Amino acid sequence: MRRPPNTDPPTVAAVQALCQRARSAGSPNAAARRPLVAEYQRLAAALGVEPAAIATGRELQQAAVGLLRSAAAAEAAAAATPQARLRRAGRSNR
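Scoring rules and cut-offs
Just so you know, the residues in each chain are numbered from 1, in the order the chain's sequence is written. Totals for whole chains, interfaces and linings use all residues, but because this is a predicted model, local features are given only for residues with pLDDT of at least 70 and pairs of side-chain atoms are given and counted only at 80 or more. Hydrogens are left out, water is left out, and the side-chain values use all remaining heavy atoms of the structure. Numbering of helices and strands starts at the N terminus; helices are DSSP runs of H or I of at least 4 residues and strands are runs of E of at least 2. Relative accessibility decides the category of a residue: with a 1.4 Å probe and only protein chains considered, values under 20% of the type maximum give buried, values over 50% give exposed, and everything between is partly exposed. Throughout, a residue-residue contact means that at least one pair of heavy atoms, one from each residue, lies within 4.5 Å. In this description, a nonpolar core means a group of buried Ala, Val, Leu, Ile, Met, Phe, Trp, Tyr and Cys residues linked to one another through side-chain atoms lying within 4.5 Å. For a helix, the expected span equals 1.5 Å multiplied by the residue count minus one. As used here, the arc belongs to the directions running from the helix axis to the C-beta atoms. Between Lys or Arg on one side and Asp or Glu on the other, a salt bridge is scored when a side-chain nitrogen of the former is within 4 Å of a carboxyl oxygen of the latter.

## Thoughts on the overall build of the protein chain
Next, step 1: Assigned secondary structure in the protein chain consists of 4 helices and 0 strands.
Next, step 2: Seen in sequence order, the protein chain has helices and strands lined up from the N terminus as α-α-α-α.
Next, step 3: For the protein chain, the residues scored as buried account for 23% of the 94 residues in total.
Next, step 4: For the protein chain, long-range pairs separated by at least 24 residues make up 60% of all intrachain contacts whose partners lie at least 6 apart in sequence.

See the structure below:
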């Protein structure tokens, strides 16, 4: 049985994992690994960010850092909603 796709935006932790994998994937001047590029494109689409053209490992690392900034901004914006403040205070509005 297939799981329904996750509609939540990627977390900072998920993008940090991509950054770590991109850094440890080999030489920055070598061609970027296709599975990592595909993961970057998937995360970028989920965050609503235009994916950059990636040819080398260094470009993937730089693009992943930009994606990390976007994910952090999205999490900060989500935490600033009135519903999130109520959840943190322990008073759910249900």
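There is more to say, and it comes next.
## Structural notes on the nonpolar core
Next, step 1: Counting 19 residues, the largest nonpolar core has Val15, Leu18, Tyr40, Ile54, Leu60 and Leu67 as the members making the most contacts within it.
Next, step 2: Taken together, the elements giving at least two residues each to this core come down to helix H1 (12-23), helix H2 (34-47) and helix H3 (57-79).
Next, step 3: The dominant element in this core, judged by the number of residues it contributes, is H2, at 6 residues.

## Here we look at H2
Next, step 1: With 14 residues, H2 should reach 20 Å at 1.5 Å per residue; the first-to-last C-alpha distance of 20 Å fits that figure.
Next, step 2: Listed in full, the buried residues belonging to H2 are Leu36, Val37, Tyr40, Leu43, Ala44 and Leu47. For H2, the arc enclosing every buried residue in end-on projection is 130 degrees, short of the 170-degree limit, so these residues lie on one face. Counted as exposed and oriented over 90 degrees from the buried face of H2: Arg34, Pro35 and Ala45.
Next, step 3: Against H1 and H3 lie the buried residues of H2.

## Describing the environment of Thr11
Next, step 1: Relative to the helices and strands, Thr11 resides in the segment before H1.
Next, step 2: Residues Thr11 and Ala72, 61 residues apart in the sequence, show an inter-C-alpha distance of 7.9 Å.
Next, step 3: For Thr11, the residues in contact, after removing those within four places along its chain, are Ala71 and Glu75.

## Comments concerning the pattern of salt bridges
It is possible for side chains bearing opposite charge to pair when their charged atoms get close.
Next, step 1: Tallied over the entire structure, the rule returns 1 salt bridge.
Next, step 2: Arg42 serves as the salt-bridge partner of Glu39, at 2.9 Å between the closest nitrogen and oxygen. With Glu39 and Arg42 both in helix H2 and 3 residues apart, the pair spans about one turn of that helix.
Next, step 3: Given a relative accessible area of 23%, Glu39 falls into the partly exposed group.
Next, step 4: Note on Arg42: relative accessible area 49%, which makes it partly exposed.

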